Amino acid sequence: MPPAGAAVSDWDDQSGFASGTQSARARAREDVAACALTRSRRIGLRHLDQPYRAGADLPASAIRTDVARLLGPTGILWIPASIGDHADHVAATVALLPLARELAAARVRVYADLPYAGWSSYDLPTRIAEALPGLQAKDVHLRGAAFRRKIAAVRCHASQLVPLGVGAPDMLRAEGVLARERVWAA
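Residues numbered from 1 in each chain as written. Predicted model: local features only at pLDDT ≥ 70, side-chain atom pairs only at ≥ 80, totals over all residues. Heavy atoms only, no water.

1. Quick look at the overall build of the protein
Then comes step 1: Along the protein, the regular secondary structure elements total 8 helices and 4 strands.
Then comes step 2: In the protein, the succession of α and β elements from N to C terminus is α-α-α-β-α-β-α-α-β-α-α-β.
Then comes step 3: At 17 Å, the protein has a C-alpha radius of gyration in line with the 16 Å of a compact globule built from 186 residues.
Then comes step 4: Evaluated residue by residue, the protein yields a buried proportion of 38% over its 186 residues.
Then comes step 5: Contacts in the protein between residues at least 24 apart in sequence constitute 72% of all its contacts with a sequence separation of at least 6.
Then comes step 6: As displayed, the protein has an accessible area near 10,600 Å², and 54% of this comes from carbon and sulfur atoms.
Then comes step 7: Seen as two clouds, the 23 positive and the 18 negative side-chain charges of the protein have centres 9 Å apart. (Helix = DSSP H or I, 4+ residues; strand = E, 2+ residues; numbered from the N terminus. Rg over C-alpha atoms; globule rule 2.2 N^0.38 Å. Buried < 20%, exposed > 50% of the residue type's maximum accessible area, 1.4 Å probe, protein only. Contact = heavy atoms within 4.5 Å. Areas by Shrake-Rupley, 256 points an atom, 1.4 Å probe, with all protein chains shown as cover. Lys, Arg positive; Asp, Glu negative; His and termini not counted. Charge placed at Lys NZ, Arg CZ, Asp CG, Glu CD.)

2. Notes on the side chain of Ser-15
Then comes step 1: Looking at the element boundaries, Ser-15 is found in the loop between helix H1 (10-14) and helix H2 (20-38).
Then comes step 2: What makes Ser-15 buried here is its relative accessible area of 13%.
Then comes step 3: Not counting the four nearest positions on each side in its chain, Ser-15 is found in contact with Arg-27, Ser-159, Gln-160 and Pro-163.

3. So, helix H7 (residues 144-155)
Then comes step 1: Helix length check: H7 (12 residues) gives 16 Å between terminal C-alpha atoms against 16 Å at 1.5 Å per residue, within 8%.
Then comes step 2: Taken residue by residue, H7 has Phe-147, Lys-150, Ile-151, Ala-153 and Val-154 as its buried positions. Seen end-on, H7 carries its buried residues on one side only, within an arc spanning 160°. The outward face of H7, more than 90 degrees from its buried face, is lined by the exposed residues Arg-148 and Arg-149. (Expected span 1.5 Å × (residues − 1). Arc of directions from axis to C-beta.)

4. Some words on the state of the cysteines
Then comes step 1: On inspection of all chains with the given rule, the structure shows 0 disulfides.
Then comes step 2: With no disulfide partner, Cys-35 has as its closest neighbouring cysteine sulfur the one in Cys-156, 9.1 Å distant.
Then comes step 3: Residue Cys-35 is classed as buried on the basis of its relative accessible area, which comes to 15%. (Disulfide = S-S within 2.5 Å.)

5. What to know about the confidence of the model for the protein
Then comes step 1: Residue-level pLDDT values for the protein average 93, and 100% of them are 70 or greater.
Then comes step 2: Taking the mean pLDDT of every element in the protein, the minimum, 88, falls on helix H5 (residues 116-119) and the maximum, 98, on strand E2 (residues 108-111). (pLDDT = per-residue confidence, 0-100.)

6. Thoughts on the nonpolar core
Then comes step 1: Leu-77, Ile-79, Val-110 and Leu-132 are the most contacted members of the largest nonpolar core, which has 25 residues in total.
Then comes step 2: Breaking this core down by element, the ones donating at least two residues are helix H3 (60-71), strand E1 (77-80), helix H4 (87-102), E2 and helix H6 (126-131).
Then comes step 3: In terms of residue count, the dominant contributor to this core is H4 (6 residues).
Then comes step 4: Judged by nonpolar contacts, the second largest core, of 12 residues, contains Tyr-116, Val-154, Leu-164 and Leu-178. (Core = buried A, V, L, I, M, F, W, Y, C linked by side-chain atoms within 4.5 Å.)

Next comes the structure, spelled out in structure tokens:
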């Protein structure tokens, strides 16, 4: 939760929020709704988004410790590829790459960040390819019921759809950037 009285970030302002606190609460509710649709569990870590960290770096060792504890001995680690260089995605990737190198290759997945990959490239960034050699790309093209389920979950994050739609007006359509997913695995 951003500190009370912190100026609203540009992204949160574009999303229609008057404060970071208001945004964080609404986004948590959106996450819960999306997780209910996807039958997944939301686990919030207590680390601020980039605009609210006041220039501080994401605490990489704390992120690694939290995620390693949650993974346990058999969980699969999913890491954003950081395509598009979103500051929080890059920070999460940098924080989690050392953990990924410690795990068996079969327990690591890297995913193309959407919609950013659809705007620029589905190429695996060099920093990940060098840290995790041997990853192979697999593309999935969602159609029909699978695509409709994904869009229903994405629509749960309504506060972000308008600003994301500026860069990807076709995002929610069957031919849009969300219909293609790419995952790299060993």
